[in-house]
Amino acid sequence: MLTLGFIVLLIVLVLEHKFKLSQSNLFNWFFWTYNIGLILTAGMLAVRGTMTVVGSEPGPATAGISGLGHIFLTLGMVLLFLNLRTALKPHFRTGSGAPQVESSVL
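Remember, predicted model here, so these are calculated numbers, not experimental data.

**What to know about the packing of aromatic side chains**
Step number 1: One pass over the full model with this rule turns up 4 aromatic pairs.
Step number 2: Note on Phe27 and Phe30: the rings are 5.7 Å apart at their centroids and 55 degrees apart in plane angle, and the pair reads as tilted. With Phe27 and Phe30 both in helix 2 (residues 25-54) and 3 residues apart, this pair spans about one turn of that helix.
Step number 3: Judged by relative accessible area, which is 13%, Phe27 ranks as buried.
Step number 4: Here the aromatic rings of Phe27 and Phe31 are separated by 6.5 Å at their centres, their planes lie at 25 degrees, and the arrangement is stacked. With Phe27 and Phe31 both in helix 2, this residue pair falls 4 residues apart, about one helical turn.
Step number 5: Site record: aromatic cluster; members linked through ring pairs are Phe27, Phe30, Phe31, Trp32 and Tyr34.

As structure tokens, this is what we get:
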């Protein structure tokens with residue numbers, strides 16, 4: 001959960017600073033889709049863990065809802081990469097190659 005909720009969004013913050021990803025409508029779709037997937041996945045992880053500790057057997061709905069969370073996470077990542085592709089297109093059309101990374105960003 002630390003990696004999915006914190007480190008991934010820190011990487012997105014750096015990409016936003018460098019490429020201004022939030023200027024596209026895809027960014028809003030990414031942000032909400034990814035966060036819904038993160039909440040579903042974390043919630044079902046907690047439910048399944050609680051049911052295991054209590055001694056109850058989790059049903060197939062638990063796996064299904066967790067799967068939906070993973071699908072939303074994957075869809076969010078696809079939207080992020082599509083957004084990143086549209087942000088990088090102007091840099092490659094001009095023939096200047098990949099944008100230079102400033103040392104202050106890293």
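Here the narrative resumes, following the displayed structure.
**A closer look at unusual backbone geometry**
Step number 1: Of note, Lys20 is a non-glycine position whose phi angle comes to about 55 degrees, a positive value.
Step number 2: Judged by relative accessible area, which is 41%, Lys20 ranks as partly exposed.

**Observations concerning the packing of helix 1 (residues 2-19) against helix 2**
Step number 1: As a packed pair, helix 1 and helix 2 sit with axes 11 Å apart at the nearest point and diverge in direction by 165 degrees. As summarised for this structure, helix 1 and helix 2 are arranged roughly antiparallel, according to the angle between their axes. For the pair helix 1 and helix 2, the crossing hand works out as right-handed. Of the residues in helix 2, those touching helix 1 at Leu4, Gly5, Val8, Leu9 and Val12 are Phe27, Phe30, Tyr34, Asn35 and Leu38.
Step number 2: Its residues placed into classes, the contact of helix 1 with helix 2 shows 8 nonpolar, 2 polar and no charged.

Conventions used here
- Residues numbered from 1 in each chain as written.
- Predicted model: local features only at pLDDT ≥ 70, side-chain atom pairs only at ≥ 80, totals over all residues.
- Heavy atoms only, no water.
- Phe/Tyr/Trp six-rings, centres within 6.5 Å; stacked < 30°, edge-to-face > 60°.
- Helix = DSSP H or I, 4+ residues; strand = E, 2+ residues; numbered from the N terminus.
- Buried < 20%, exposed > 50% of the residue type's maximum accessible area, 1.4 Å probe, protein only.
- Axes fitted to C-alpha atoms, helices over the stretch in contact; angles between N-to-C directions.
- Parallel < 35°, antiparallel > 145°, perpendicular 65-115°, else oblique.
- Left-handed = near helix turned anticlockwise from the far one by under 90°.
- Contact = heavy atoms within 4.5 Å.
- Nonpolar A, V, L, I, M, F, W, Y, C, P; charged D, E, K, R; others polar.

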